[in-house]
Amino acid sequence: MSQIIQPVTPRLHLRQWAERDLSAFAGMCADPEVMRFFPGTLERSESDLMARTCEQLIAERGWGIWAVELLESGALIGIAGLHIPRHDLPFSPCVEVLWRLARPYWGNGYATEAAEASLQVGFEQLELEEIVSFAVLENRRSRAVMERIGMTDTGRDFDHPALPETSLLRRHCLYSLSRRDWSKNCERLD
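What counts, and at which threshold
Residues numbered from 1 in each chain as written. Predicted model: local features only at pLDDT ≥ 70, side-chain atom pairs only at ≥ 80, totals over all residues. Heavy atoms only, no water. Salt bridge = Lys/Arg side-chain N within 4 Å of Asp/Glu carboxyl O. Helix = DSSP H or I, 4+ residues; strand = E, 2+ residues; numbered from the N terminus. Buried < 20%, exposed > 50% of the residue type's maximum accessible area, 1.4 Å probe, protein only. Axes fitted to C-alpha atoms, helices over the stretch in contact; angles between N-to-C directions. Parallel < 35°, antiparallel > 145°, perpendicular 65-115°, else oblique. Left-handed = near helix turned anticlockwise from the far one by under 90°. Contact = heavy atoms within 4.5 Å. Nonpolar A, V, L, I, M, F, W, Y, C, P; charged D, E, K, R; others polar.

Visitor: What's the story with the pattern of salt bridges in this structure? I'm lost.
Guide: Side chains that differ in sign of charge can pair as their charged atoms come close. Overall, the coordinates contain 14 salt bridges when judged by the stated rule. Linking E69 and R20 is a salt bridge whose minimum nitrogen-to-oxygen distance equals 3.3 Å. Remark: R20 occurs in the loop between β1 (12-15) and α1 (22-29) and E69 occurs in strand β2 (residues 65-70); sequence separation between them is 49 residues. Take E69: its relative accessible area is 11%, and that puts it in the buried class. One salt bridge in this structure joins E33 and R36, with 4.0 Å as the shortest N-O distance. Judged by its relative accessible area of 34%, E33 falls in the partly exposed class. Look at the salt bridges and you will find they share partners, linking R15, R20, D21 and E69 into a network.

Listed below in structure tokens is the structure:
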């Protein structure tokens with residue numbers, strides 16, 4: 001078991017999962033608009049399994065896909081963090097930064113804030129050389145977050161192997177950020 005990293009930002013706590021998160025997470029995963037760019041919504045048993053898997057990976061590694069809590073209220077507003085994709089992707093091996101928020105929390109900059117905290121962990125604590133992110137081509141919201149956090153579209157679009165060839169969600173764009181470029185961006189902001 002590793003020491004667990006749990007980033008805190010001005011408004012958010014990216015933390016290990018707790019039993020109290022399961023209901024809110026299930027509601028988020030059952031929302032068709034939240035899951036629009038995923039193969040489908042999740043049943044409660046599926047969302048619980050996903051949360052337990054995230055919890056287990058964090059316990060093993062010390063980092064992963066955290067539960068995102070709003071400091072002001074203690075509410076679970078979504079997930080964010082770093083993940084090693086289990087599918088063989090054209091750019092594997094890699095570590096991706098990801099996020100997903102419940103709809104009431106969209107448009108407040110929370111995804112950007114959580115993703116930036118995840119990048120900081122990846123580059124400063126884990127000393128990763130590169131972090132990627134990918135999304136369905138039409139997912140403009142996620143692509144905008146990728147750009148806000150300093151990632152660049154690589155132009156290397158790919159078909160996600162977990163999705164059938166007939167799926168409209170199969171084609172993905174790939175964004176990346178190197179530790180060197182992240183450091184330069186941080187210096188400019190200081």
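Visitor: Just to check I follow, could you spell out the environment of T152 for this structure?
Guide: By secondary structure assignment, the location of T152 is in strand β6 (residues 152-153). Separated by 85 residues in sequence, T152 and A67 have C-alpha atoms that sit 26 Å apart.

Visitor: Any chance you could explain the packing of α1 against helix α2 (residues 44-61) here in plain terms?
Guide: Geometrically, a packed helix pair is captured by the angle between its two axes and the distance between the axes. Running from N to C, α1 and α2 point in directions that differ by 120°, and their axes come no closer than 9 Å. When the axes of α1 and α2 are compared, the pair comes out oblique. Considering the relative orientation of α1 and α2, their crossing is right-handed. Here L22, S23, F25, A26 and C29 of α1 lie close against α2, whose contacting residues are R44, S47, D48, M50, A51 and R52. Class assignment of the residues belonging to the contact of α1 with α2 gives a composition of six nonpolar, two polar and three charged.

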